[in-house]
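This is what each chain is made of:
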Amino acid sequence: MESLLEEAATCSEAVELSKDDQKENEQGLKEPVAPVSVEMGCCGCADEPSSKVEPTTPESRGSPSNYSEQIFVKDRSCTDILALIIILALVGGFAFMMTNVVKKGDIYRVIYGYDNCGNVCGRVTSYEPNDPKFQCKGGDYTKKPYLEINIQPNGVKDRQCVANCTVDDSKMLFLNRCVHKKVTETINSIIRTLRLDSVYNEAVTDLGIAWRELIYLLLIALALSLGILVAFRYMVQYVIYIVLIGAVVACIGGTTYLWIAWYQEKQSLSKGDIYEEDSSVEPYFVYSIIMSIVTVIVLLVILVMRKRIELVMQLFREAGKAVYSMPALLFQPIYTYLLIGGTVVAWVYCMLWIESAGDIYLNRKNHIHFKKDALIIATRWYNLFLFFVACEFYLGCQHMVVACAVARWFFTRDKKRLSLPVAKGFGYLLKYHMGTVAFGALIIGIVRLVRAMISFVQKHLKRYDNSFVKGILWCCQCCLWCFECALKFLSRNAYIETAIYGCNFCTGGKKAFQALSSNILRVAAINSVGDFVLFLGKVLVVTLTVVSGIYLMQVQKKDGLNHPWIPITLAGIFAFLVAHCFISIYEMIIDTIFICFCEDCEKNDGISRPYFMSRGLMEFVENSKKALRQLEEQEIRPI
């Protein structure tokens, strides 16, 4: 049976044979006969009373060539290789530009500072023999490691390297600079007022005492996160019902309270208990109307999407099954965030070199400075752009690996025969789809770079009082932010389509848009109810971890702690990061299963072409009874 199905899936003809016809055709007894099909609607176009997905047939879709397309293609080719070449070329160009920066820069100019002659404090500075204007530059300043900055009466900054800041009582050491104490008097006074002068030392001491408890809390957060994922599989319906009932009760209760408050205020005004100018009748009336409209909308949305909410529950259960079958999925964020952390360090290191680089020149005060040319300024933005692209590329690789593994799991009938799906998904990424991930990262990186440039312009326009230009820039920033969010959402779903069909980014984006637009109400239910449930999971993990920390730190009265809230807060932050890592993977799994469900409905009808989906998901298909009966007949039929 499985071999026949695989043969039918890879067939290039537009009409798929039934099982008996395939056997007779292989034996040469008869010509292929197309199965009789019933005209059906598109995926997700069912009427509201049933609210189920209607499977499609080649005839109803009007595109027989598309039907011959195999679900979860195994014979793949490299996709969007040009985008990967562009990224490699960008990295090569950045390496070339950084060589120019290194020639003109010295990272210790930023770290230690330099004096009026361009000599780096605490370092040996080379001479400038070709130009007599810079004859003071050069020398051994290793015994003068600190930079002292004095402002002369005419406003000119005088920079000198000194051996010690403590010679002058009016100076203090900060970031290898001798800073005048008057500059920090306001900050110090605030710190003393809030009694924060010793908090840092006490916090370090507290962390040294409670490090074992922090490890315990981290393990508790890890166990709670895994427990939440298990609860999502078996008890998600109760969580969703509680959320929906809470939303309805809150809306109805809020509306009732506002109307009662309006009535009481109106009665008090009519009795003369309050003056008309002090009354809040009109505000209460407006608030009551707005809250009533919100309540009606919430009730209608829940009523309309009640069937879709059941699909959300089933998707959570299917995601739990996928995690149980492929536990390696939960470890994908580890290498992703390690790579992002390494990229942050590299970006900061390159930024220090860029900020230190420049061509030496003598200003009107006969002080040596380093002026940045156009190439160095371009390198600054280049560095930021590559940082954005790299982060999105790492996240895209994670999404692609998860999508490939889950799609393989979904479109495998016998789950027991599934072997190393996560490793094979990683292999698909490396061999075929690095270019697709690079394409998505480039698009999002460009949008983020434009947003950063607009923020830079906004910062420099603060000195000018031009509300019209500020409003235009703010609108541009808002529109670009919305566009970036839409791109991220579409890219994630494009990666899923690429994982299923092995197509390029544009084709995957088109397929994802068609699948999402034809199931817009289900997408709304998943992104509203589903995301809120996942958020509640994160909140629950953080809350239980903080409560455990309070018990360990305060109830058990840990000796020597000055500020128990410091390790408890740190444990809460760690708990949120751990929960976010696990639950973000869970979210991607749910999205992948939903797209696979839509594609399964579009390619198969459950009768002549059996579904790949589970029995639970089959309940949300229009011909679910026929498909289940057909499945039961196939299971009891002797082989």
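Just so you know, these numbers come straight off a predicted model, no measurement behind them. (Residues numbered from 1 in each chain as written. Predicted model: local features only at pLDDT ≥ 70, side-chain atom pairs only at ≥ 80, totals over all residues. Heavy atoms only, no water.)

Draft legend 1. Spatial organisation of the overall build of the protein. The secondary structure content of the protein amounts to 20 helices and 8 strands. Per-residue burial for the protein yields a buried fraction of 42% across its 639 residues. About 34,900 Å² of surface is accessible on the protein, with carbon and sulfur atoms providing 64% of the total. (Helix = DSSP H or I, 4+ residues; strand = E, 2+ residues; numbered from the N terminus. Buried < 20%, exposed > 50% of the residue type's maximum accessible area, 1.4 Å probe, protein only. Areas by Shrake-Rupley, 256 points an atom, 1.4 Å probe, with all protein chains shown as cover.)

Draft legend 2. Layout of the packing of aromatic side chains. For the structure shown, the criterion picks out 18 aromatic pairs. For the pair Phe 410 and Phe 411, a centre-to-centre distance of 5.0 Å together with 75 degrees between the ring planes defines the contact as edge-to-face. We note that Phe 410, like Phe 411, is buried. Look at Tyr 428 and Tyr 432: their rings are 5.9 Å apart centre to centre, the planes differ by 40 degrees, and that puts the pair in the tilted class. (Phe/Tyr/Trp six-rings, centres within 6.5 Å; stacked < 30°, edge-to-face > 60°.)

Draft legend 3. Seen up close, the side chain of Asp 115. If you trace the backbone, Asp 115 turns up in the loop between helix H6 (107-111) and strand S1 (124-125). Put simply, Asp 115 is tucked away with no salt bridge, and the nearest opposite charge, on Arg 159, sits 6.0 Å away. Apart from the residues within four sequence positions on either side, Asp 115 is in contact with Tyr 141, Leu 147, Arg 159, Gln 160, Cys 161 and Ile 368. (Lys, Arg positive; Asp, Glu negative; His and termini not counted. Salt bridge = Lys/Arg side-chain N within 4 Å of Asp/Glu carboxyl O. Contact = heavy atoms within 4.5 Å.)

Draft legend 4. Spotlight on helix H9 (residues 211-271). For H9, which comprises 61 residues, the first-to-last C-alpha distance of 65 Å sits more than 12% below the rise-based estimate of 90 Å (1.5 Å per residue). Taking the largest bend as the criterion, H9 deviates by roughly 85 degrees, centred on Met 235. (Expected span 1.5 Å × (residues − 1). Bend = angle between axes of the 7 residues up to and from the residue.)

Draft legend 5. A look at unusual backbone geometry. The phi torsion at Asn 366 lies on the positive side, around 60 degrees, for a residue other than glycine. One can find Asn 366 in the loop between strand S7 (359-362) and strand S8 (368-371).

Draft legend 6. How the structure looks around the state of the cysteines. Under the definition given, this model contains 2 disulfides. Disulfide partner of Cys 117: Cys 136, at an S-S distance of 2.4 Å. The S-S bond linking Cys 117 to Cys 136 shows a torsion near -115 degrees; that makes this disulfide left-handed. Of the two residues, Cys 117 sits in the loop between H6 and S1 while Cys 136 sits in the loop between S1 and strand S2 (139-140), which places them 19 residues apart along the sequence. The partly exposed category is assigned to Cys 136, whose relative accessible area is 34%. Sulfur-sulfur distance for the disulfide between Cys 121 and Cys 161 comes to 2.0 Å. Looking along the S-S bond of the Cys 121-Cys 161 disulfide, the torsion reads about -85 degrees, which is the left-handed sense. (Disulfide = S-S within 2.5 Å.)

Draft legend 7. Looking closely at the environment of Gly 139. Structurally, Gly 139 can be placed in strand S2. A relative accessible area of 12% places Gly 139 in the buried class. Separated by 15 residues in sequence, Gly 139 and Val 124 place their C-alpha atoms 5.8 Å apart. In contact with Gly 139, not counting residues within four places along its chain, are Asn 119, Arg 123, Val 124, Thr 125 and Tyr 127.

Draft legend 8. Representation of the pattern of salt bridges in the model. By the definition in use, this model includes 11 salt bridges. We note a salt bridge from Lys 321 to Glu 318, for which the minimum N-O separation is 3.4 Å. A residue pair is termed a helical-turn pair when its members lie 3 or 4 positions apart in one helix, as Lys 321 and Glu 318 do in helix H11 (residues 306-325) at 3 residues. By relative accessible area, Glu 318 is classed as buried at 2%. Members of the salt-bridge network, linked through shared partners, are Glu 392, Arg 448, Arg 451, Glu 484 and Lys 488.

Draft legend 9. The arrangement of helix H14 (residues 421-460) in detail. Taking 1.5 Å per residue, 40 residues should reach 58 Å; H14 reaches only 51 Å between its end C-alpha atoms and comes up short. Along H14, the sharpest kink reaches roughly 85 degrees, centred on His 433.

Draft legend 10. Looking closely at the packing of helix H12 (residues 332-356) against helix H18 (residues 565-603). Interhelical geometry of H12 versus H18 gives an angle of 115 degrees and a closest axis separation of 9 Å. Classified by chirality, the crossing of H18 by H12 is right-handed. Side by side, H12 and H18 meet where Gln 332, Pro 333 and Tyr 337 of the first sit next to His 580, Cys 581 and Ile 585 of the second. Class assignment for the residues of the contact of H12 with H18 results in 4 nonpolar, 2 polar and no charged. (Axes fitted to C-alpha atoms, helices over the stretch in contact; angles between N-to-C directions. Left-handed = near helix turned anticlockwise from the far one by under 90°. Nonpolar A, V, L, I, M, F, W, Y, C, P; charged D, E, K, R; others polar.)

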